[in-house]
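# Structural features, examined
The lines below spell out each chain.
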Amino acid sequence: MKSRKLKHTRRRATILTAAATSAVAGVALLPNWNAGASTAAEPQVDAKTKAAFQSLADAVFTDRTNALVDRPRHGGKKALAGRFSGKVELSSGIGRTENAARKQLDDRRNRLASNGEKYSAGSTKVTLDRTEVKGRTAVVVVTENTTLTYAKVTGGEPGTTRFQASHELTFKADRQGAWKVTKIRETGDGYLAVNQLAQPKTTTVAAKTTTTTPAAPRAAITKRPTAVPKKLTGGEYDYQAMAAYAEKYWTNYNPAYPNFNGAGAGGDCTNFVSQALKAGGWKHVPGYVYDYTRWFGTADIQSHSFVGVNEWSWFAQNSKRTTSLDNVYQMDVGDVLQVDFNKDGSKDHTMIVTSRRNGVPYLTYHSTNTLRRSVTSIISSYPNAAYYAYRT
């Protein structure tokens, strides 16, 4: 979550937003019209048409996932989404956009391979969350669950990396009853899935910094740096407990804390990492919520340093609970990585290391919900960002 001023009305606003969402989800879906007849009547959507919407969305995101998998193209056949025609299909514009997207993901796959990482298999499943129909427009919200299997390049990789992302597809109906996708956009606050192309959201720090605000140095991203061993057990903090917490709640959020996804200002990323650190032994430092030297978080109240990317960094540095690492590849379990995507001096995203294999840290985070994504993959996707690595 980006730095911001927390408002006392936030929780009430969240409840109202949830109520509005429920109202949208309850929109009556009427029987479908005859897809073969030419008519000027407004179209209606039945369960079969909804299933077709879902199937096409599944094909779109499966095609994106497949572009990342290290295997031969299937015999020059058309992409899955391109095979749809008639009742529900891609518009010509979206067809071109998706072709370009797959080419970009081909490039991402090649960059990964050049950095020693490959995926041997991929699986994507899309569920339909809600459909809202207004006239000849249908807005469909879906959730994508994707698993990518790590190829054994070095022999020590984790089995898989997984993520969960939300998308919104807009369909337009013509006079012959054909629904065509005219727009696909990522929703939520993250845009950090392995197969997503939308640029991460960046904002300017809302809280004022001062000359005394602690500044973390940038970390290099070159491979095979000097080792910085870390003792995972027997010390003040339980780093394995931090990792276990993050991997338990990466997609099933802990109801003991608020969920900031969809609340703007960067989402739930830092709130999630703070919870994991707390599970591993970080103690509350109570006080004024806007004071970055304080750190606390419960179901009812959270300090800015508990939920804000930059404030967390200031607290971590000022409290001496962390030290800065020279290189992202020096991170180990329980360490934290932050990213400033546009290098404007305001950090945008927070992640925690939950696994380290053969010198590569694997990160788990919220917004987009992700389990064990390699730091190599993050760097390959955002090579021009600024990175900050913290030894906890």
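Here, every reference points to the structure presented above.
Bear in mind the structure is a predicted one, so any value in this text is a computation, not a measurement.

## Some points on unusual backbone geometry
Residues Ser-367 and Thr-368 are joined by a peptide bond in cis, for which omega reads -5°. Position of Thr-368 among the secondary structure elements: in the loop between β9 (360-365) and β10 (369-374). One non-glycine residue, Lys-320, lies in the positive phi region at around 65°. Looking at the element boundaries, Lys-320 is found in the loop between α7 (309-318) and β6 (323-324). Residue Lys-320 is classed as exposed on the basis of its relative accessible area of 69%.

## Some points on empty space enclosed by the protein
All chains considered together, the criterion is met by two cavities of 30 Å³ or more. In this model, the largest cavity occupies a volume close to 50 Å³. Along its surface, the largest cavity is lined by Tyr-249, Tyr-253, Asn-254, Tyr-257, Pro-258, Asn-259, Asp-268, Asn-271, Phe-272, Gln-275 and His-366. Here the element with the most residues in the lining of the largest cavity is helix α5 (residues 269-279); it accounts for three residues. Of the residues in the lining of the largest cavity, the class split is five nonpolar, five polar and one charged. In this structure, the second largest cavity encloses a volume near 30 Å³. Along the walls of the second largest cavity sit Leu-68, Asp-70, Arg-109, Leu-112, Ala-113, Glu-117, Lys-118 and Tyr-119, which together make up its complete lining. Looking at which element gives the most residues to the lining of the second largest cavity, the answer is helix α3 (residues 92-114), with three residues.

## Notes on the side chain of Thr-392
Relative to the helices and strands, Thr-392 is located in the segment after β11 (386-391). Within the local environment of Thr-392, its side chain forms a polar contact with the backbone oxygen of Gly-334, the two atoms lying 2.7 Å apart. Apart from residues no more than four positions distant in its own chain, Thr-392 is found in contact with Lys-230, Tyr-239, Met-242, Leu-277, Trp-282, Arg-321, Thr-322, Gly-334, Asp-335 and Val-336.

## With respect to the packing of helix α4 (residues 239-249) against α5
Look at α4 against α5: their axes get within 7 Å of each other, and the N-to-C directions meet at 140°. As the angle between them shows, α4 and α5 are arranged oblique. In this structure, the crossing between α4 and α5 has a hand that is right-handed. Counting all contacts with α4, which are made through Ala-241, Met-242, Tyr-245, Ala-246 and Tyr-249, the residues of α5 involved are Phe-272, Gln-275, Ala-276, Leu-277 and Ala-279.

## What about the side chain of Asp-335?
Positionally, Asp-335 belongs in the loop between β6 and β7 (336-340). Engagement of the side chain of Asp-335 in a polar contact is seen with the backbone nitrogen of Asp-332, the distance being 2.7 Å. Once you skip the residues sitting within four places of it in the chain, Asp-335 turns out to touch Lys-230, Leu-325, Gln-330, Met-351, Ile-352, Val-353, Tyr-390, Arg-391 and Thr-392.

## Overview of the environment of Thr-392
Residue classification places Thr-392 among the buried positions, given a relative accessible area of 7%. With 76 residues separating them in the primary sequence, Thr-392 and Ala-316 have C-alpha atoms 8.5 Å apart. A polar contact of 3.3 Å, which involves the side chain of Thr-392, links it to the side chain of Lys-230.

## Quick word on the nonpolar core
If you look at the biggest cluster of nonpolar residues, it comprises 34 residues, and the most contacted ones within it are Val-328, Met-331, Leu-337, Leu-363, Val-375 and Tyr-387. Looking at this core, the elements with two or more residues in it are α3, β3 (137-150), β4 (160-173), β7, β8 (349-357), β9, α8 (375-381) and β11. Per-element accounting of this core gives the leading share, four residues, to β9. Dropping the residues within four chain positions of it, Leu-337 is found in contact with Val-328, Met-331, His-349, Thr-350, Met-351, Leu-363, Val-375, Tyr-387, Tyr-388 and Ala-389. The next biggest cluster of nonpolar side chains, apart from the first, holds 30 residues, and it includes Tyr-237, Tyr-245, Trp-250 and Phe-260.

## Details of the packing of aromatic side chains
Evaluation of the coordinates by the stated rule reveals 17 aromatic pairs. Taking 6.5 Å as the distance between ring centres and 70° as the angle between the ring planes, the aromatic pair formed by Tyr-237 and Tyr-239 counts as edge-to-face. Relative accessible area serves as the criterion here: at 11%, Tyr-237 is assigned to the buried category. Note on Tyr-257 and Phe-306: the rings are 6.2 Å apart at their centroids and 20° apart in plane angle, and the pair reads as stacked. Note that Tyr-257 is positioned in the loop between α4 and α5 and Phe-306 in helix α6 (residues 304-307), a separation of 49 residues in sequence. Given a relative accessible area of 14%, Tyr-257 falls into the buried group. Counting every residue linked through ring pairs, the aromatic cluster contains Tyr-237, Tyr-239, Tyr-257, Trp-282, Trp-295, Phe-306, Trp-312, Phe-315 and Tyr-390.

## Brief notes about the pattern of salt bridges
A full pass over the atoms with the stated rule returns 11 salt bridges. With a shortest N-O distance of 3.2 Å, Lys-134 and Glu-132 are connected by a salt bridge. Exposure remark for Lys-134: the relative accessible area of 59% places this residue in the exposed category. Judged by relative accessible area, Glu-132 falls into the partly exposed class, the value being 23%. The residue Arg-372 makes a salt bridge to Glu-247 at a minimum N-O spacing of 2.6 Å. Here Arg-372 is found in strand β10, whereas its partner Glu-247 is found in helix α4, with 125 residues between them in sequence. Several salt bridges converge on common partners, so that one network encompasses Arg-64, Glu-98 and Glu-186.

Here is what the cut-offs are and how they apply
- Residues numbered from 1 in each chain as written.
- Predicted model: local features only at pLDDT ≥ 70, side-chain atom pairs only at ≥ 80, totals over all residues.
- Heavy atoms only, no water.
- Helix = DSSP H or I, 4+ residues; strand = E, 2+ residues; numbered from the N terminus.
- Buried < 20%, exposed > 50% of the residue type's maximum accessible area, 1.4 Å probe, protein only.
- 1 Å grid on protein atoms, 1.4 Å probe; cavity = no way out; pocket = protein on both sides within 12 Å on 5 of 7 lines; lining within 4 Å.
- Points joined across faces, edges and corners; volume = space filled by probe spheres on them.
- Nonpolar A, V, L, I, M, F, W, Y, C, P; charged D, E, K, R; others polar.
- Polar contact = N/O pair within 3.5 Å; in protein donor to acceptor, adjacent residues only side chain to side chain.
- Contact = heavy atoms within 4.5 Å.
- Axes fitted to C-alpha atoms, helices over the stretch in contact; angles between N-to-C directions.
- Parallel < 35°, antiparallel > 145°, perpendicular 65-115°, else oblique.
- Left-handed = near helix turned anticlockwise from the far one by under 90°.
- Core = buried A, V, L, I, M, F, W, Y, C linked by side-chain atoms within 4.5 Å.
- Phe/Tyr/Trp six-rings, centres within 6.5 Å; stacked < 30°, edge-to-face > 60°.
- Salt bridge = Lys/Arg side-chain N within 4 Å of Asp/Glu carboxyl O.

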